[in-house]
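Okay, here's what each chain looks like letter by letter:
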Amino acid sequence: QVQLVESGGGLVQPGGSLGLSCVVSGSIFGISDYDMGWYRQAPGKKRELVATITGRLNTNYTDSVKGRFTISRDNAKKMVYLRMNSLKPEDTAVYYCNAFARGYQKTYDYWGQGTQVTVSS
């Protein structure tokens, strides 16, 4: 059983910063083969990609967070991070951690339970 657990969410004022962490536990092999990502879902909206990072540390960001958010990972600790700066009210959402990999005739797709981020004055 693979588990992803996010932490670090909370309430922050506009312009502030917040750091999210996600730890992967359980029977997951070859963590470096997984693409790790952060997604978010605001009330009444679909879940959207925020940022991803491959095992080779290639990163991808949605346009709205480029220059403000930074994704990173530590394979030895089985952790992925999201540093969020210059936060805006529109960043308010539940943030989810994801681990994804393609195996032989099978995909591996794991999600955390989410952590709330609220940007408000």
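Reading guide: rules and limits
Residues numbered from 1 in each chain as written. Predicted model: local features only at pLDDT ≥ 70, side-chain atom pairs only at ≥ 80, totals over all residues. Heavy atoms only, no water. Phe/Tyr/Trp six-rings, centres within 6.5 Å; stacked < 30°, edge-to-face > 60°. Helix = DSSP H or I, 4+ residues; strand = E, 2+ residues; numbered from the N terminus. Buried < 20%, exposed > 50% of the residue type's maximum accessible area, 1.4 Å probe, protein only. Pairing = 2+ DSSP bridges. Contact = heavy atoms within 4.5 Å. Disulfide = S-S within 2.5 Å.

**Student:** Tell me about the packing of aromatic side chains, and please be specific about residues and values.
**Tutor:** According to the stated counting rule, one finds three aromatic pairs in the structure shown. Arranged with centres 6.4 Å apart and planes meeting at 65°, the rings of Tyr34 and Tyr108 form a pair that is edge-to-face. Here Tyr34, found in the loop between strand E3 (18-26) and strand E4 (35-41), pairs with Tyr108, found in strand E10 (residues 106-111); they are 74 residues apart in sequence, far enough to count as distant. Here Tyr34 falls in the buried class, since its relative accessible area comes to 6%. Here the aromatic rings of Tyr39 and Trp111 are separated by 5.0 Å at their centres, their planes lie at 65°, and the arrangement is edge-to-face. Here the residue Tyr39 occupies a position in strand E4, and Trp111 occupies one in strand E10, the gap between them amounting to 72 residues.

**Student:** Can you break down the pairing of strand E9 (residues 93-103) residue by residue, with the values?
**Tutor:** By the bridge criterion, seven bridges tie E4 to E9 in an arrangement that is antiparallel. Considered in E9, the bridge of Met36 is made with Ala99. Pairing between E9 and strand E11 (residues 115-119): three bridges, direction antiparallel. Residue pairing in the sheet places Val94 in a bridge with Gln116 of E11. Bridging between E9 and E10 involves six bridges; their strand directions are antiparallel. Residue pairing for E10: Ala99 is matched across the bridge by Tyr110. Turn length for the E9-E10 hairpin, with the two strands adjacent in sequence and antiparallel, is two residues, and the turn residue Gln105 shows positive phi of about 60°.

**Student:** Could you give an account of the pairing of E11, with specific residues and numbers?
**Tutor:** Where burial is concerned, the two faces of E11 differ: the one with Thr115, Val117 and Val119 is buried and the one with Gln116 and Thr118 is not. As judged from the three bridges shared by strand E2 (residues 10-12) and E11, these two strands associate in the parallel manner. Bridge assignment links Val12 to a residue of E11, and that residue is Val119.

**Student:** Quick rundown of the side chain of Arg68? Include the residues and the values.
**Tutor:** Mapping Arg68 onto the fold places it in the loop between strand E6 (59-61) and strand E7 (69-74). When sequence neighbours within four positions are dropped, the list of residues in contact with Arg68 reads Arg83, Met84, Asn85, Ser86, Leu87, Lys88 and Asp91.

**Student:** Explain the environment of Ala51 to me, using residue names and the numbers behind them.
**Tutor:** Counting through the fold element by element, Ala51 comes out in strand E5 (residues 48-53). Taking the C-alpha atoms as reference, Ala51 lies 9.9 Å from Cys97; in sequence the two are 46 residues apart. With sequence-adjacent residues up to four places away left out, Ala51 is seen in contact with Met36, Gly37, Trp38, Asn60, Tyr61, Ile71 and Leu82.

**Student:** Before we move on, could you go through unusual backbone geometry and cite the residues and values that matter?
**Tutor:** In the Ramachandran plot, Leu57 falls in the positive-phi region, its phi being about 70° despite a non-glycine side chain. In this structure, Leu57 sits in the loop between E5 and E6. With phi around 60°, Gln105 is a residue other than glycine that occupies positive phi space.

**Student:** Run through the state of the cysteines, naming residues and quoting values.
**Tutor:** By the definition in use, this model includes one disulfide. Paired by a disulfide, Cys22 and Cys97 hold their sulfur atoms 2.1 Å apart. Its S-S torsion of approximately -85° makes the covalent link between Cys22 and Cys97 left-handed. Taken as a pair, Cys22 in strand E3 and Cys97 in strand E9 lie far apart in primary sequence, 75 residues in all. Given the relative accessible area of 0%, Cys97 is considered buried.

Limitation: the analysis is restricted to geometry and does not speak to function.
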